[in-house]
Amino acid sequence: MKHLVQKQLAQSIGTMQATLADLHIADTISKIAELTANAMLAGRKLMVAGNGGSAADAQHLVAEFVVRLRANRPALRAVALTTDTSIITAGGNDFGFDCIFARQIEALGQPGDIFLGISTSGNSKNILQAIQQAKSMNITTIGFTGNGGGQMKALCDHNVIIPSDVTMNIQECHLALEHIFCMAVERFYFGKDIDAE
């Protein structure tokens, strides 16, 4: 069992190191953070969605924006599309599970908003539909994926693709980058002195 623990930690670290070495990922995080901060400064919002562990990530990330990451500061406009069970179950029952996020974007989205879809495979049907809905409304789309990006790679305006095909390792890197993304948005929004508070 000790060997299993060490093996899995080594695999996690290896995926993190590969992510660190991918300079395109760092560039993309910086770019999407600036876009998101500018959208929020213009009165727009960040919408986030995913399935399973990625749904938990969506809620976790939005909590960091609305409450705080490290520094006490005003709340930032963000919403997780994974939390309203009445909307999700009604949409799933009446129209099908593939529409549960697209329908919410249709209701809540505005031109200039940002949609972040999280899918380790890059092929989650309800995330793909949400991206298509967002694009039809002039909402910037960001994909957090692995597995080479899947179908989302061609659809999203911006892609963060973890260099792995192991779901749990992709999720671990997503969470680390989601924290960094929030931190970077704070800096673009409030200024670099935010960390000193």
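Residues numbered from 1 in each chain as written. Predicted model: local features only at pLDDT ≥ 70, side-chain atom pairs only at ≥ 80, totals over all residues. Heavy atoms only, no water.

A.B. asks: Give me the overall build of the protein: which residues, what numbers.
C.D. replies: Looking only at helices and strands, the protein features eight helices and five strands. The linear arrangement of helices and strands in the protein, starting from the amino end, is α-α-β-α-β-α-α-β-α-β-α-β-α. The C-alpha radius of gyration of the protein comes to 17 Å, within 12% of the 16 Å expected for a compact globule of 197 residues. Each of the three principal axes of the protein carries a C-alpha extent, and together these read 50 × 45 × 30 Å. Out of the 197 residues belonging to the protein, those deemed buried represent 45%. Relative to all contacts within the protein whose residues are 6 or more apart in sequence, the contacts with residues 24 or more apart total 71%. For the protein, the computed accessible surface area is about 9600 Å², with 55% contributed by carbon and sulfur atoms. The centroid of the 15 positive side-chain charges in the protein is displaced by 2 Å from the centroid of its 18 negative side-chain charges. (Helix = DSSP H or I, 4+ residues; strand = E, 2+ residues; numbered from the N terminus. Rg over C-alpha atoms; globule rule 2.2 N^0.38 Å. Buried < 20%, exposed > 50% of the residue type's maximum accessible area, 1.4 Å probe, protein only. Contact = heavy atoms within 4.5 Å. Areas by Shrake-Rupley, 256 points an atom, 1.4 Å probe, with all protein chains shown as cover. Lys, Arg positive; Asp, Glu negative; His and termini not counted. Charge placed at Lys NZ, Arg CZ, Asp CG, Glu CD.)

A.B. asks: Which residues make up the side chain of His-174, and what values go with them?
C.D. replies: The residue His-174 is located in helix H8 (residues 167–190) in this model. The exposure class of His-174 is buried, given its relative accessible area of 0%. Residues within four places of His-174 in sequence aside, it is in contact with Asp-57, Ile-118, Thr-120, Phe-144, Thr-145, Val-160 and Ile-162.

A.B. asks: Residues and numbers for the pairing of strand S4 (residues 140–145), please.
C.D. replies: Among the six residues of S4, five are classified as buried, and the element is accordingly described as predominantly covered. Here five bridges tie strand S3 (residues 114–118) to S4, and the two strands are oriented parallel to one another. Looking at the pairing, Gly-117 lines up with Gly-143 of S4. Strand direction decides the pairing type here: S4 and strand S5 (residues 158–161), joined by four bridges, are parallel. (Pairing = 2+ DSSP bridges.)

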